[in-house]
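Here is what each chain is made of, one letter per residue.
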Amino acid sequence: MAVSQFSSMSTRPSEALVQCTSSLSRFIEFGSRNRTSKQKLLLIRTFNSRPPTTSFCIKCVSSQPSPKTKDRVTEEDTSSSQNSSGPDTASVASSIQYHAEFTPLFSPEKFEPPKAFFATAQSVRDSLIINWNSTYEYYERLNVKQAYYLSMEFLQGRALLNAIGNLGLTGAYAEALSKLGQSLENVVSQEPDAALGNGGLGRLASCFLDSMATLNYPAWGYGLRYKYGLFKQRITKDGQEEVAEDWLELGNPWEIERNDVSYPVKFYGKIVPGSDGKSHWIGGEDIKAVAYDIPIPGYKTKTTINLRLWSTMVPSEDFDLSAFNAGDHTKAAEALTNAEKICYILYPGDESVEGKVLRLKQQYTLCSASLQDIIARFEKRSAANVNWEEFPEKVAVQMNDTHPTLCIPELIRILIDLKGLSWKEAWNITQRTVAYTNHTVLPEALEKWSFELMQKLLPRHMEIIEMIDEELVHTIVSEYGTADPDLLEKRLKETRILENVDLPATFADLFVKTKESTDVVPDDELENCDEEGGPVDEELESAQEDGVLEEESTDVVPDDELENCDEEGGPVDEELESEQEDDVLEEEKEAEAVQEPPQLVRMANLCVVGSHAVNGVAEIHSEIVTNEVFNEFYKLWPEKFQNKTNGVTPRRWIRFCNPDLSSILTSWLGTEDWVTNTGKLAELRKFADNEDLQSQFRAAKSNNKMKVVSFIKEKTGYSVSPDAMFDIQVKRIHEYKRQLMNILGIVYRYKKMKEMSAVERKAKFVPRVCIFGGKAFATYVQAKRIVKFITDVGATVNHDPEIGDLLKVIFVPDYNVSVAELLIPASELSQHISTAGMEASGTSNMKFAMNGCILIGTLDGANVEIRQEVGEENFFLFGARAHEIAGLRKERSEGKFVPDARFEEVKKFVKSGVFGSYNYDELMGSLEGNEGFGQADYFLVGKDFPSYLECQEKVDEAYCDQKRWTRMSIMNTAGSSKFSSDRTIQEYARDIWNIIPVELP
């Protein structure tokens, strides 16, 4: 038997010490999802029951008052705990007790919820470790091709409920905790969200891991272990404030530190040629990346894959003890600090040079450590028969956006400098191994790094990138020739990896020669040409000759008058000379002001050139990628480009977060197969008009809304009515996502309400609770102004006695996965209103639709496909189309845009000061003017505002007819089957990674 690869950090005491009988190996049978007779087995360690000898207190359950409401996390079917082949409640309780006593993180006196959480999580982790080891060893034995998903973000959320749900142990753990005096819901709530991501990019990566495991694909994730996350958001009277995340403060019970898995990572230094002909990267700053593993279980399968996170450090010997003892404490810890801060926070501010360096260090650390680990695994599995040509047949590397771009030059560096391959071999292997997912069309998100900075920080990689750029130039010139130099120059400008950098030496005179050869003068005209081949201007030539004669006849000035003469002997005009000196100084200043454009490395271009596949994440996004963003590349390599519409896991986003809806689906579909085969959801369409189903849908939504009412009261202090429509927009705060349009629409609604009598208001408007959530990046000033504006509007509206429950505006602080799991099941209307053509896909729109929420939105990202799937009549559409945007911006710049009177009215109302003393001139100013930075309404809020208001009137009208509204809700759930991440991962596996499921025996 191989040595366990996934052993617990804590050492178990001897059996004598713990007075525990020998452990029992138990198996849980899972019904095969493909309905074959083959059963999947889960091995779980349990302990024989024994009288508790622990010193912590356990409440007597029978003495506690009965709860008034059902436990959210145990409302689902608990039959798994009754399965005779699974662990019984006593075994689970014994395991929890064991960890509370012998894997302690708290004092022994009490068994309170925080301690209960850690003991429960460690109990579950035992099962995951056993399954992880089995999975890992099986992959090793078969030497299967494995996919590796590299991402700067993994927005995991809480793990406990997901883990026991996937293992089919929810009921057993709920009952066991109940016997120990705790509720599962309360214990689950003790877990902090893992602060490893920010938005959709990270949440998508986590959904993908869940699907990879559930579908039995051999795959791993790689990321960084951020100590302080992005930030924890606080909402104060001044708007958003950021404080460091504390998710690791008490430790992370899911992770296993791999002290035996670490790799060196180098920065700076220089390149020297060796006697062996290889380039050697020496000197500089050296750190160590250490692995932390988090097991990811699949749903009702033994397969448990891995998320490997890197933390950075230096050896203890790098601590300068002499400097410390001399009192220079900062210098003593400099090496340690420089290493550790790489993994302090996600996306450190990059307005300073230091911030840029830190971000680049983060990206390189992820790429270098992950590739070294991947290569070590390949070599181990190959044993003595390492054949590098087979590397792409055993390894698939997926870059989630441009952050892991350095995988390309790093893989080449390792293959050439460390493994001895030739450039041609290394370049070929790299292109066959690496693939790239594009997630944005925003210019600022298509990363560009300073050439000088990269050359300083990663000198060897810049040499390699320059070689790749030369390969690209050679390919472009070979493909298109030099007959049309202007077109060739345009193509190179769009496709080159190096921006504003001279062509490689081999092509340096390419355009000089071609341009020189374009205008050929006939021989019979040469006699009338000047020295440079241009036609002679006879009149000008005659004048020049006269000037020469005049110069030759100049009078000689006596020596005693020379001091008052200029350089040419003429009398000095002091006033003129002063003016000339001023002109010279002015010219020098202008020359200094005209700076050379910065030399940059275009990471997205490097991704496209170095990958064998490039995919967008929604149909409309992939069209923009091929027709606009990378059009020249698409014309060169059309076979590289694909679409892979995003998806989300139905386990977390229906099965576990919405147990009421989950039970309804299982009952009406007659099976629970929809959890892994969302195509089954389409069968719900035939029941959409059934009154019983509609009644159940409304009841489930009402129950979920009640939970949100309590949550809002707890987090914000505001009381809201559960009878109002819950209108939700939760996502990263950004101008293109247009939270500003949403809040301006609310302001307009509020103004109209104030102009009416109480009777008119009640007759005209549907009561709404408008909920916002999301973080503005710490240095994104305009986004933070939007947060401040939303909270100011809420403070005014929510305290207006005339309005009451007709309108409430709530900003939920510190929006994260756990908050989403509460809000999304309760949502009735969800806003996805980005400027058309600017949202790559979006995934929250999919989660809302799955949970029976109706969307209002533009034809942007995955909205397009959601509308197609759920039906046009079940989606509230407004706004300009993607193909119109460029023309509308041009119209604005030409001063032809005429704003709607309602838009001008609402801006004037905001400026009146009704929402407080804060000066919103700059925020409103961004919507005014025709050109200029921070002006001219680049995201077309004013253009789409009228159609947005009119669409919201249709929303009110539909909501008044609850039968119609509920039917729309059912059709959204039924139409969401396409948007499972299972479907997306199957497409990646088939079309890009070329891997197949490997089911454990």
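Going by the structure above, here's the rest.
In this text, all values refer to a predicted model and were calculated from it rather than measured experimentally. (Residues numbered from 1 in each chain as written. Predicted model: local features only at pLDDT ≥ 70, side-chain atom pairs only at ≥ 80, totals over all residues. Heavy atoms only, no water.)

Draft legend 1. Summary view of unusual backbone geometry. Residue tyrosine 347 is not a glycine yet carries a positive backbone phi of 55°. Along the polypeptide, tyrosine 347 turns up in the loop between α10 (334-340) and α11 (353-382). Take tyrosine 347: its relative accessible area is 14%, and that puts it in the buried class. For aspartate 814, which is not a glycine, the phi torsion comes out positive at approximately 55°. (Helix = DSSP H or I, 4+ residues; strand = E, 2+ residues; numbered from the N terminus. Buried < 20%, exposed > 50% of the residue type's maximum accessible area, 1.4 Å probe, protein only.)

Draft legend 2. The packing of aromatic side chains, seen in detail. Applying the stated criterion to the full structure yields 37 aromatic pairs. On the basis of an interplanar angle of 15° and a centroid distance of 4.9 Å, the ring pair of tryptophan 132 and tyrosine 136 is categorised as stacked. Separated by four residues within a single helix, tryptophan 132 and tyrosine 136 lie in helix α3 (residues 113-142), roughly one turn from each other. Assessed through its relative accessible area of 10%, tyrosine 136 is described here as buried. A ring pair is formed by phenylalanine 633 and tryptophan 637, whose centres lie 5.9 Å apart and whose planes are at 10°; its orientation type is stacked. Tryptophan 637 shares its class with phenylalanine 633; the two are buried. Geometry around tyrosine 480 places arginine 491 over its ring, the cationic atom sitting 3.7 Å from the centre. When the ring centre of tyrosine 938 is taken as origin, the NZ or CZ atom of arginine 889, which lies over that ring, is 3.7 Å away. (Phe/Tyr/Trp six-rings, centres within 6.5 Å; stacked < 30°, edge-to-face > 60°. Lys NZ or Arg CZ within 6 Å of the ring centre and 35° of its normal.)

Draft legend 3. Summary view of the environment of lysine 424. On the secondary structure map, lysine 424 appears in helix α14 (residues 423-433). By relative accessible area, lysine 424 is classed as exposed at 69%. For the pair formed by lysine 424 and isoleucine 412, sequence separation is twelve residues and the distance between their alpha carbons is 9.9 Å.

Draft legend 4. A nonpolar patch on the surface, seen in detail. The grouping of Phe319, Leu321 and Phe324 at the surface amounts to a nonpolar patch, some 260 Å² of accessible area in total. Take leucine 321: its relative accessible area is 51%, and that puts it in the exposed class. (Patch = residues over 30% accessible without salt bridge, like charges linked within 9 Å, V, L, I, M, F, W, Y side chains within 5 Å. Areas by Shrake-Rupley, 256 points an atom, 1.4 Å probe, with all protein chains shown as cover. Salt bridge = Lys/Arg side-chain N within 4 Å of Asp/Glu carboxyl O.)

Draft legend 5. Quick peek at the pattern of salt bridges. Applying the stated rule across the entire model yields 64 salt bridges. We note a salt bridge from lysine 110 to glutamate 112, for which the minimum N-O separation is 3.9 Å. Shared partners join several salt bridges into a network, and the residues in it are Arg258, Asp293, Arg308, Asp373 and Arg377.

Draft legend 6. Broad picture of the sheet that holds strand β14 (residues 448-450). Spatially, β14-β16-β15 is the arrangement adopted by the three strands of the open sheet, whose pairing is antiparallel. Strand pairing shows two members of the sheet lacking a second neighbour, β14 and β15 (498-499), which therefore form its edges. Sheet analysis places β15 next to strand β16 (residues 600-602), joined by two bridges and oriented antiparallel. For glutamate 499, the partnering residue across the bridge sits in β16 and is leucine 600. (Pairing = 2+ DSSP bridges.)

Draft legend 7. Local environment of the sheet that holds strand β12 (residues 395-400). Here nine strands make up an open sheet; going across it, the order is β7-β10-β11-β4-β3-β12-β13-β17-β18 and the pairing mixed. Edge positions in the sheet fall to β7 (256-267) and β18 (641-643), since each has one partner strand and no second. Strand-to-strand twist across the sheet, computed as the mean angle between neighbouring axes with direction ignored, equals 25°. Pairing of β12 with strand β13 (residues 434-437), which is carried by four bridges, proceeds in the parallel orientation. (Axes fitted to C-alpha atoms, helices over the stretch in contact; angles between N-to-C directions.)

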